[in-house]
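# Working through the structure, step by step
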Amino acid sequence: MTNAPVEAIEVARAQPYPGAPDNWKRFFTFSTDHKVIGIQYIVTSFFFFLVGGLFSMVMRGELITPEADLIDRTVYNALFTMHGSVMLFLWTFPVLVGIGNYLVPLMIGARDMAFPRLNAVSFWLIPVVGVLMIGSFLAPGGPSQSGWWAYPPVSLQNPSGSLINGQVLWLLAVAISGVSSIMGGVNFVTTIFRMRAPGMGWFRMPAFVWSVLAAQLIQLYGLPSLTAGAVMLLLDITAGTSFFAPERGGNPVLYQHFFWFYSHPAVYVMVLPVFGIFSEVIPVHARKPLFGYRVIAVSSILITFISATVWVHHMFASATPSWMRILFMVTSMLVGVPTGIKIFGWVATLWGGKIRLTTPMLFAIAGFVNFVFAGITGIMLASVPIDIHVNNTYFVVGHFHYVIYGTIVYGIYAGLYHWFPKMTGRMYYEGLGKVHFALTLLGTNLTFWPMHPLGLMGMPRRVASYDPEFAFWNVIASLGGFLLGISVLPFILNMVSSWVQGEKAGDNPWRAIGLEWLTSSPPPVENFEEIPTVISGPYGYGKDEPLVATKGSVALGEA
Amino acid sequence: MKFRAIATLTIYAGLTIAISIWMAKESYSWFPPEATAEAKLIDDLFSLFTGLGTAILLGVLGPVVYSLIFHRVSKYDPSDGPHIEGNVTLEVIWTIVPVVLVLGLSFASFSAYEKMNLRGSLDLVHLHLPQMMDSAYAAPFDETPQEEIKDSLQQAAPKEIEVTARQWAWVFRYPDQDVTSTELHLPVNSRVRLALRSEDVIHGFYVPAFRIKQDIVPNHRMELEFTPTRVGQYRLRDSLFSGTYFAANQADVVVQSPEDYQQWLADAASQPLTAAYNPAATEYARATEQTAVLRGWASVVPAPPPVVNYSSQTVPKSPPA
Ligand code: HEM
Ligand SMILES: [Cu+2]
């Protein structure tokens, strides 16, 4: 295994534009370097992960007993609303945009994103969203209490009577987050289309880049619908229009269509990049090419299209006629096909490999196994008769947490560990990583598995109190929840201490193939001394063929 | 090596099938009792999904665990695995198998749904399979539930019961007798038709033992039909988040023999109108009395307790179902 040209490494430690600070201070500037922005995204959203997690701890505290006795019902309702909203709009979306931001230009051999300044603006809108969301706790009447769906008419009711209330602030925050995401979407799609290094044809692009492309295309077609719904809702609340207000002749079900037309595909915006992370991490640590790479790449794009046609499965129990129920049942089940293809591909990649169980590998494998379970309950939910029973029960909460925690959060962890040496130039502590993994795995299953039997027994979601027959599984879920809360501590400890004083990692500690591993760690300001020319596919493990052409005689890539 | 792999996989496949069948049978015990004919259809369908789901989960887990045990590499072995980029046959198979599987599951779900004949939100286009197809795919499961549904459909058209949901109470009205109640009483073994109405926000009519749920959208006329088959007391829960006291918005449902049911209607008709016990209103009043303690934020004021012929004076008390 050889490395990037030796001269490149020393020249390039310096940071961004001339005069920019070359230390931690750069993370607090309006930097246009995609790597700085990526880390800004990741760290900011991780802070909100902790905030959202704190909310869930209080909720699980309330739910450890059947009665509503720990906090007032209005407080519980505000907490589940803010928990869901913070976790989605301030943690999952931004952290994945951050990882994409850091990796995509490096992986395709570009010097930066297509629109660096737009990129910085997208990021700096995130703290604004955060301030609005968290600040709404101080608004008259408190934060929004209508859930992250904000279904009217509940979201139109405004008992505080104030024009500036939690719901209005929430809508503003969501709209700003949408603007940020659209700018990000334009930026990613343009970058991937226009800025690939010479020789990097579509089927030489790493699967991660494919999945980011697929996800960002969804943002472009979906977000306008959510934004339209949000604006109409805002007008209904503040200006007395009657789009959705039933007492003024509006139709609340219309809102549900606007909302889910985006918010179903949105789950794929979140999970596709994570599929991409699995597709990168597993080949490296199994030392085998990604099995069926082309099909996996194309299946991402298939998901982009199919996921646009399934949104009504969130409305089977709503005012939905039978023909619509059946039609959307079939389309929803079909999404299982491209995701199945990916899963089989990962399993086949493992098979016969030379597997190394590093922390990122553990998270990636457990992540996709959790996803298989979530996918099975997902197919159940797509079946109209079954959904009529379990819709809006804890079964759904269990299902989507296996996706959102068991898959997406695991994928994020896998990605952060895997690329930590690239981002910081240092190695994390493997032992702490394994402790983190074990606690997370145990916590996830203790917290979210019991929600399935609860849902089948008929416990509705979003309840601050419940009947005593549900107590047993709720106690277990609460204990598991507290364990999950504790599980982030070794992660934080690991990241902070390794960044400060971890062992120097070298440029390519995993001996991985990929353009990002050819440059130094952390990469220099403009990523590459010289833009590489790609001459082979992205997963050349077990083959003696360089990834990029060389000026001189040094062979690059895996030997 | 090769032989060991094949032998292990064969044994594993057998085990997977056995466990899947066991899980499919076990799945019935995860639900509340089946109190309607429709419930049986759903539990059968769920059992099918559980069996297949278990097989898929174990089918993926097996090779993963096997690889993790037997394909690990020692710390000092820097070599790569074989350069295998894919296998067209395999990839075609694992595309086609899921397609067939989900289409099959869709069809099974569709046929169960047809038999339930729920109505839901007044369908303009009602799905009915052509008669020929109806018999062509004979029911994959037990015939009883559809028999009950068919029988009850052949009886006189069901009498409609009016259900009103509000923040936060349920009121049931029997138009013929002009009886109102906060408990829903239903006759066993005959088709029931509910006309659902909401006065404020969207609520959800949900009785877990019936496996039936329907959101109630204000300004929409919603109907729901089903066939109770088991005498007993069950719990009705609001299933669509409806604001502060959402979790407390529950009611008892009592399924009775036709005689008991008629008796109950007659008794209730002779009762004077009285205010029912309403947990939301009570809790709200208690909260406003408290002055010093942390009270949370402003809430929509609960509607006053419903004034009805028949009501209970406690929280719903149906046994754990
Ligand atoms: C320690 C970890 C977590 C615990 C214990 C937890 C617990 C909960 C609970 C109890 C609910 C309320 C369910 C209901 O009544 O509807 C909930 C809802 C939700 N959670 Fe989590 N959660 C955790 C992590 C996450 C993460 C990481 C995400 C996103 C990435 C997330 C996203 C959501 C969403 C979107 C909702 C729905 C909110 C709504 O109903 O409006 N959760 N969670
Ligand atoms: Cu969906």
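Criteria and cut-off values
- Position numbers for residues start from 1 in each chain and track the written sequence from start to end.
- Each chain gets a letter, beginning with A, and each ligand a number, beginning with 1, in the order they are written.
- Reporting in this predicted model follows two pLDDT cut-offs: at least 70 for local features of residues, and 80 or more for side-chain atom pairs to be given and counted; totals over whole chains, interfaces and linings ignore these cut-offs and use all residues.
- Note that water and hydrogens are dropped before the side-chain values are worked out from all heavy atoms of the structure.
- The set of buried Ala, Val, Leu, Ile, Met, Phe, Trp, Tyr and Cys residues whose side-chain atoms join them within 4.5 Å is what this entry labels a nonpolar core.
- Using a 1.4 Å probe on the protein chains alone, a residue whose accessible area is under 20% of its type maximum counts as buried, one over 50% counts as exposed, and one in between counts as partly exposed.
- A helix here means a DSSP run of H or I that spans at least four residues, while a strand means a run of E at least two residues long, and both kinds are numbered starting from the N terminus.
- We call two residues in contact whenever any of their non-hydrogen atoms come within 4.5 Å of each other.
- The rule for donors is simple: an N, O or S atom within 2.8 Å of the metal counts, and for Na, K and Ca the reach is 3.2 Å. Water is not among the atoms, so a site may look short of donors.
- Two parts placed together each lose some accessible area under a 1.4 Å probe, and adding up what both lose gives the buried area.
- Put simply, a salt bridge is a Lys or Arg side-chain nitrogen that is within 4 Å of an Asp or Glu carboxyl oxygen.
- Under this definition, polar contacts are N or O atom pairs within 3.5 Å; protein pairs additionally need one hydrogen-donor-capable and one acceptor-capable atom, and for neighbouring residues in sequence, both atoms have to be side-chain atoms.
- Residue-level confidence of the predictor, termed pLDDT, takes values from 0 up to 100.
- By this rule the span expected of a helix is its residue count minus one, scaled by 1.5 Å.
- Angles run from 0 to 180 degrees between N-to-C directions of axes, and those axes are lines fitted to C-alpha atoms, restricted for helices to the stretch in contact.
- Angle categories: roughly parallel below 35 degrees, roughly antiparallel above 145, roughly perpendicular from 65 to 115, and oblique for all the rest.
- Helix crossings are classified by the rotation of the near helix relative to the far one: an anticlockwise turn of less than a right angle makes the crossing left-handed, while a clockwise turn makes it right-handed.
- Note on residue classes: Ala, Val, Leu, Ile, Met, Phe, Trp, Tyr, Cys and Pro are nonpolar, Asp, Glu, Lys and Arg are charged, and everything else, Gly too, is polar.
- At least two DSSP bridges between two strands are required for those strands to pair.
- To pair, rings of Phe, Tyr and Trp, with the six-membered ring standing in for Trp, must have centres within 6.5 Å; the planes then decide the type, stacked if under 30 degrees apart, edge-to-face if over 60, and tilted in the middle.
- For a Lys NZ or an Arg CZ to count as sitting over a ring, it must be within 6 Å of the ring centre and within 35 degrees of the ring normal.

### Points about the nonpolar core
- Counting 246 residues, the largest nonpolar core has A:Phe368, B:Phe205 and B:Phe210 as its most contacted members.
- Examining the composition of this core, we find that 22 residues originate from one element, helix α3 (residues 73–108) of chain A, more than from any other.
- The residues touching B:Phe210, leaving out its near neighbours within four places in the chain, are B:Ala35, B:Thr36, B:Ala39, B:Leu186, B:Phe226, B:Tyr234, B:Val253 and B:Val255.
- Formed by five residues, the second largest nonpolar core is a distinct cluster that contains B:Leu41, B:Ile42, B:Met116 and B:Ile149.

### Notes on the coordination of the copper ion (ligand 2)
All names here are of chain A.
- Coordination of the copper ion (ligand 2) by the protein comes from His264 (ND1), His313 (NE2) and His314 (NE2), over a distance range of 1.7 to 2.0 Å.
- Sequence spacing of the donor residues for the copper ion (ligand 2), all on one chain, is H-x48-H-H. Here histidine 264, found in helix α7 (residues 252–286), pairs with histidine 313, found in the loop between α8 (293–306) and α9 (322–334); they are 49 residues apart in sequence, far enough to count as distant.
- Exposure remark for histidine 264: the relative accessible area of 8% places this residue in the buried category.
- Look at histidine 313 and you get buried, because its relative accessible area is 15%.

### Observations regarding the interface of chain B and chain A
- Taken together, the 95 residues of chain B in the interface contact 104 residues of chain A.
- On the chain B side of the interface with chain A, the three residues burying the most area are B:Trp94, B:Phe241 and B:Trp297, jointly 10% of the side's total.
- Here chain B and chain A share seven salt bridges between them.
- Run the count over chain B and chain A and you get 31 residue pairs in polar contact (both at pLDDT 80 or more).

### With respect to the confidence of the model for chain B
Residues and elements named next belong to chain B.
- Model confidence for chain B is summarised by a mean pLDDT of 84, while 84% of its residues fall at 70 or above.
- Scored below 50 in pLDDT, residues 121–142 makes 31 contacts in the model with residues more than four places away or belonging to other chains.
- This prediction of the complex comes with two scores: 0.90 for pTM and 0.90 for ipTM.

### Looking at helix α11 (residues 359–382) of chain A
- Here α11(A) contains 24 residues, and its C-alpha end-to-end distance of 34 Å stays within 8% of the 34 Å for a straight helix at 1.5 Å per residue.
- Counting buried positions along α11(A) yields 22 of 24 residues, so the element is predominantly enclosed.

### Points about the packing of helix α6 (residues 207–238) of chain A against α7(A)
Residues and elements named next belong to chain A.
- As a packed pair, α6 and α7 sit with axes 8 Å apart at the nearest point and diverge in direction by 160°. With respect to each other, α6 and α7 are oriented roughly antiparallel. Note that α6 runs across α7; the crossing there is left-handed.
- For the contact of α6 with α7, the class distribution of residues is 22 nonpolar, eight polar and one charged.

### Considering the sheet that holds strand β6 (residues 203–207) of chain B
All names here are of chain B.
- Taken together, five strands build an open sheet; the order of strands is β4-β10-β9-β6-β7 and the sheet is mixed. Edge positions in the sheet fall to β4 (184–187) and β7 (212–216), since each has one partner strand and no second. For this sheet, the mean inter-axis angle between neighbouring strands, taken without regard to orientation, is 25°.
- Relative to strand β9 (residues 232–238), β6 is paired through two bridges, and the arrangement is antiparallel. If you follow tyrosine 206 over to β9, its bridge partner there is arginine 237.

### Some thoughts on the packing of aromatic side chains
- Under the counting rule described, the total for this entry stands at 64 aromatic pairs over all chains.
- Both rings, one in A:Phe243 and one in A:Phe244, keep their centres 6.3 Å apart while their planes meet at 50°; by these two values the pair is tilted.
- Relative accessible area serves as the criterion here: at 34%, A:Phe243 is assigned to the partly exposed category.
- The class for A:Phe244 is buried, based on a relative accessible area of 0%.
- Measuring from centroid to centroid gives 5.0 Å for A:Tyr417 and A:Tyr428, while their planes differ by 65°, and the two rings are edge-to-face. Within this pair, whereas A:Tyr417 is found in helix α13 (residues 394–424), its partner A:Tyr428 is found in the loop between α13 and α14 (430–448), the two being separated by eleven residues in sequence.
- A:Tyr428 sits in the buried class, given a relative accessible area of 4%.
- Looking at A:Arg294, its charged tip hangs above the ring of A:Phe203, at a distance of 4.5 Å from the centre.
- For the cation-ring pair, B:Lys213 lies above B:Tyr206, with the distance from its terminal atom to the ring centre recorded as 3.9 Å.

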